[in-house]
Number of protein chains: 2
Amino acid sequence: MKISELVAQIRKKKSFLCVGLDVDMDKIPAHLLQTEDPIFEFNKAIIDATHDYVVSYKPNTAFYEAQGIKGWQALAKTIAYLNTNHPEIFTIADAKRGDIGNTSGMYAKAFFEDLAFDSVTVAPYMGKDSVEPFLAYKDKITILLALTSNPGAFDFQTLKTGEDEVYKKVLETSKKWQNAKNLMYVAGATKAEYFKEIRDIVPDSFLLVPGVGAQGGSLSEVCKFGLNKNIGLLINSSRGVIYASDGLDFAEAARKEAHKLQKEMEVILSVN
Amino acid sequence: MKISELVAQIRKKKSFLCVGLDVDMDKIPAHLLQTEDPIFEFNKAIIDATHDYVVSYKPNTAFYEAQGIKGWQALAKTIAYLNTNHPEIFTIADAKRGDIGNTSGMYAKAFFEDLAFDSVTVAPYMGKDSVEPFLAYKDKITILLALTSNPGAFDFQTLKTGEDEVYKKVLETSKKWQNAKNLMYVAGATKAEYFKEIRDIVPDSFLLVPGVGAQGGSLSEVCKFGLNKNIGLLINSSRGVIYASDGLDFAEAARKEAHKLQKEMEVILSVN
C-alpha cells in the first residue's frame with residue numbers, strides 16, 4: 001500500500017486510529033475459548049465491529065508466538081482475513097525485528113511476502129544494514145522504533161550523544177538510507193513535547209503513536225505538535241478498544257470505544 | 001540450564017563452539033528438498049554429525065519465519081530433538097526480540113516455555129522493562145545485544161554518550177537489572193580490541209561472539225582478550241560449518257569443519 005492511499009482512507013473515514021490486535025488468552029471473553037480458533041474468532045469479531053472507524057490494525061507478534069504454532073496460524077488467518085475483506089486497511093506487523101543484512105532479509109520475506117503485511121516495525125539498534133532489506137520492498141512500509149512509550153525508553157533512547165539524544169540520531173541517520181521515503185517511525189505519546197522536536201527532524205513522515213489512553217498520553221497534545229499536512233499520525237489503541245468488555249458484548253463495546261476515538265479525531269481534523 | 005553446566009560441558013568437550021542453524025532453503029543440499037520437512041532433516045543431520053564438537057546450537061528465527069507455518073513447525077521439531085537427545089547442549093533462540101514489559105513477557109513465554117530454549121537473544125533499545133521479563137525466568141539465560149558484528153553496528157552502538165559509547169552503557173546499565181547474573185552478551189568479533197574494553201565492564205559474563213571466520217574476526221585475537229576464568233566465550237559459526245558442502249556429504253563436511261574449530265579451541269584452552 002502507498003502512503004497516499006493511507007492518507008485518502010484517513011480523510012474518508014475521518015480517523016487516524018490504529019487498533020492493536022494484542023490477543024491475550026487470559027483476557028478474551030470466556031465463551032470464545034470453546035471455539036476451534038479463539039484468537040482468530042476474537043480478531044474477526046473485533047475487525048467486523050470496528051473497521052468503519054479504524055484505518056489500521058496492528059497485531060503484535062509476541063501474543064501470537066506465545067501460543068506456538070496455533071498462534072502463528074491465527075496470525076496468518078487474521079492478516080489473510082484483512083487482506084481479503086478490507087484491502088483498504090493499512091496492516092502493521094508489530095514485530096520489532098532487526099538483524100544483520102541477510103537475516104533481516106528473511107524477516108522481510110516473512111512479513112512482506114509470506115504474511116503479506118503492508119508494514120512491519122523494526123528495531124534500529126543494529127543500524128543501516130539491518131533495516132535496508134525491509135526498505136528494499138518498494139510498496140511496503142518500514143516503521144522504525146525511535147522513541148518508545150515505555151519506562152525503559154529513558155535507559156538508552158534519550159542518552160545524549162553530542163548535541164542530540166540517541167533517538168534523534170536514529171531519526172536523522174535513517175533519513176539518509178536507501179528508499180527512506182518508505183519509513184515511518186514509532187514515537188511514544190508519554191511526553192507530547194517530544195513531538196515538536198521529532199517534527200523538526202522528520203516533518204513529513206508518518207508517526208505511529210502508542211501510549212495514548214491506557215499509558216497516559218493525551219490525544220490533543222500529541223496532535224497539537226504531531227499533525228502535519230498529510231495528517232502524519234497513526235494513533236494506536238490496543239487494550240482500551242479490544243478489551244472494552246470481556247462479556248458477550250465485547251465486539252459491540254470495542255466498536256463504541258473505537259467510535260469514541262474516531263469522533264475525537266474527526267473534531268481535531270476539522271480544525272486542522 | 002545453569003551457566004555452571006555449560007562451563008562443565010565446555011571443559012569436557014574442550015570446545016566453546018556454537019553452531020548457528022540458519023537454514024536457508026536456497027543453500028541446503030538439493031536432495032533434502034524431496035523430504036517432507038527439509039529444514040528439520042537438515043538440522044537433524046547437522047546435529048547428529050557435529051554434536052561431539054559443539055556445546056551450543058543457535059537457530060536464528062528469521063530463517064524459520066521466512067518459511068511460514070512450516071518453518072515454525074521445523075523450529076519446534078528442532079528444539080524438541082535437541083532437548084530430547086542432547087539435553088546437555090545449550091540452546092539459543094537467536095530471535096533479537098524486545099518490546100514493552102507485558103509484551104516481552106509473551107516473547108519470554110514463547111521461547112522459554114512453549115519452545116523450551118535455554119536462552120534467547122534480546123535487543124536492548126527499549127531498555128530495562130523490555131528485558132526484565134526474560135530475566136524473570138530463573139533457570140534461563142538472556143543474551144543481550146551489546147556490540148554486533150555487522151557494519152550497521154557503527155551507526156548507533158558506537159556513538160559516544162558522555163565518556164562511553166552506547167554499547168558500553170548497555171553493558172553497564174544492564175548489570176544493575178533484576179537477576180542480571182543470568183545475562184550474557186552478544187559481542188561481535190570484527191574488532192578484537194573491543195573485547196578488552198568489554199571485559200573491563202563485564203569481566204565475569206559469557207559473551208556470544210558472531211563474526212569469527214566468514215565475517216573476518218580472528219579466533220585467537222578474540223580469545224586473547226575475551227577469555228576469562230570460566231572461559232566466558234561462545235564462538236558462533238553458522239555458514240562456515242553448516243554449508244561446508246552442498247552435496248550428499250554435507251553432514252560429514254560440517255563435522256570436519258566443526259572438528260577443525262574444536263581442535264583450535266582445544267589448543268587455546270590448553271594454554272589458558
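Residues numbered from 1 in each chain as written. Chains lettered and ligands numbered in written order. Predicted model: local features only at pLDDT ≥ 70, side-chain atom pairs only at ≥ 80, totals over all residues. Heavy atoms only, no water.

Asks: Tell me about the overall build of chain A, and please be specific about residues and values.
Replies: A count of helical and extended segments in chain A gives 12 helices and 10 strands. Its C-alpha atoms give chain A a radius of gyration of 18 Å, within 12% of the compact-globule value 19 Å for 272 residues. When the 272 residues of chain A are sorted by exposure, 64% land in the buried category. Of the roughly 10000 Å² that chain A leaves accessible, carbon and sulfur atoms contribute 51%. (Helix = DSSP H or I, 4+ residues; strand = E, 2+ residues; numbered from the N terminus. Rg over C-alpha atoms; globule rule 2.2 N^0.38 Å. Buried < 20%, exposed > 50% of the residue type's maximum accessible area, 1.4 Å probe, protein only. Areas by Shrake-Rupley, 256 points an atom, 1.4 Å probe, with all protein chains shown as cover.)

Asks: I'd love a proper account of helix 6 (residues 128–135) of chain A, names of residues and values included.
Replies: The element helix 6 of chain A is extensively covered by neighbouring structure, given that six of its eight residues are classed as buried. Turning to helix 6 of chain A, its buried residues are D129(A), S130(A), V131(A), P133(A), F134(A) and L135(A).

Asks: I'd like a rundown of the side chain of T148(B), residues and numbers included.
Replies: If you trace the backbone, T148(B) turns up in the loop between strand 5 (141–147) and helix 7 (153–156). A distance of 2.6 Å separates a polar atom in the side chain of T148(B) from a polar atom in the side chain of N150(B). (Polar contact = N/O pair within 3.5 Å; in protein donor to acceptor, adjacent residues only side chain to side chain.)

Asks: An account of the interface of chain B and chain A is requested, with residue identities and associated values reported.
Replies: Between chain B and chain A, the contact holds 55 residues from the first and 55 residues from the second. The junction of chain B with chain A conceals about 4700 Å² of combined surface from both sides, 62% of it contributed by carbon and sulfur atoms. Considering only the side of chain B, the residues that lose the most area to chain A are M106(B), Y125(B) and F156(B), jointly responsible for 19% of the buried surface there. Taken together, the links from chain B to chain A amount to four salt bridges. Among the ionic pairs, D99(B) bridges to K96(A), the shortest N-O distance being 2.8 Å. Remark: the boundary between chain B and chain A carries 28 residue pairs in polar contact (both at pLDDT 80 or more). No other element matches helix 5 (residues 101–114) of chain B, which puts eight residues into the side of chain B that touches chain A. Of the residues belonging to the side of chain B that touches chain A, the class tally is 24 nonpolar, 17 polar and 14 charged. (Contact = heavy atoms within 4.5 Å. Buried area = accessible area lost by both parts, 1.4 Å probe. Salt bridge = Lys/Arg side-chain N within 4 Å of Asp/Glu carboxyl O. Nonpolar A, V, L, I, M, F, W, Y, C, P; charged D, E, K, R; others polar.)

Asks: I'd like to hear about the environment of P29(B), residue by residue, with values.
Replies: Residue and element names in this part refer to chain B. Mapped onto the elements of the fold, P29 is located in the loop between strand 1 (17–21) and helix 2 (38–50). Taking the C-alpha atoms as reference points, P29 and Y243, separated by 214 residues in sequence, lie 8.8 Å from one another. Discounting chain neighbours no more than four positions away, the residues touching P29 are F42, D246, G247 and F250.

Asks: Any details on the relation of the copies chain B and chain A? Residues and values, ideally.
Replies: Once turned by 180° and shifted 0.0 Å along the axis, chain B lies on chain A with an RMSD of 0.0 Å. Such values leave the two copies arranged in the relation of a two-fold axis. Identified as the residue of chain B closest to the rotation axis by C-alpha distance is T161(B), at 2.2 Å. A symmetric contact is evident, with 100% of the interface residues of chain B recurring at the interface of chain A. (Least-squares fit on C-alpha atoms with pLDDT ≥ 70 in both.)

Asks: With reference to specific residues and values, describe the packing of helix 4 (residues 68–85) of chain A against helix 4 (residues 68–85) of chain B.
Replies: The contact between helix 4 of chain A and helix 4 of chain B brings their axes to 10 Å, and the two run at 170°. On the basis of their axis angle, the class for helix 4 of chain A and helix 4 of chain B is roughly antiparallel. Helix-helix and strand crossings are classified by hand; for helix 4 of chain A and helix 4 of chain B the assignment is right-handed. When helix 4 of chain A is examined against helix 4 of chain B, the residues G68(A), I69(A), W72(A) and Q73(A) are found in contact with a partner set consisting of G68(B), I69(B), W72(B) and Q73(B). In terms of residue class, the contact of helix 4 of chain A with helix 4 of chain B is built from four nonpolar, four polar and no charged. (Axes fitted to C-alpha atoms, helices over the stretch in contact; angles between N-to-C directions. Parallel < 35°, antiparallel > 145°, perpendicular 65-115°, else oblique. Left-handed = near helix turned anticlockwise from the far one by under 90°.)

Asks: So what about the pairing of strand 4 (residues 119–122) of chain A? Which residues, and what values?
Replies: All names here are of chain A. Here strand 4 shows no split at all, with S119 and T121 on one side and V120 and V122 on the other all buried. As paired elements, strand 3 (residues 90–97) and strand 4 share three bridges and run parallel to each other. Bridge pairing in strand 4 places I92 opposite S119. Considered for its hand, the β-α-β crossover made up of strand 3, helix 5 (residues 101–114) and strand 4 is right-handed. Here strand 4 pairs with strand 5 (residues 141–147) via four bridges, running parallel. The residue bridging S119 from the neighbouring strand is I141, located in strand 5. Between strand 4 and its parallel partner strand 5, the chain crosses via helix 6, and the hand of that crossover is right-handed. (Pairing = 2+ DSSP bridges. Right-handed = clockwise from strand over helix to strand, strands pointing away.)

Don't take any of this as a statement about function, it's just geometry.
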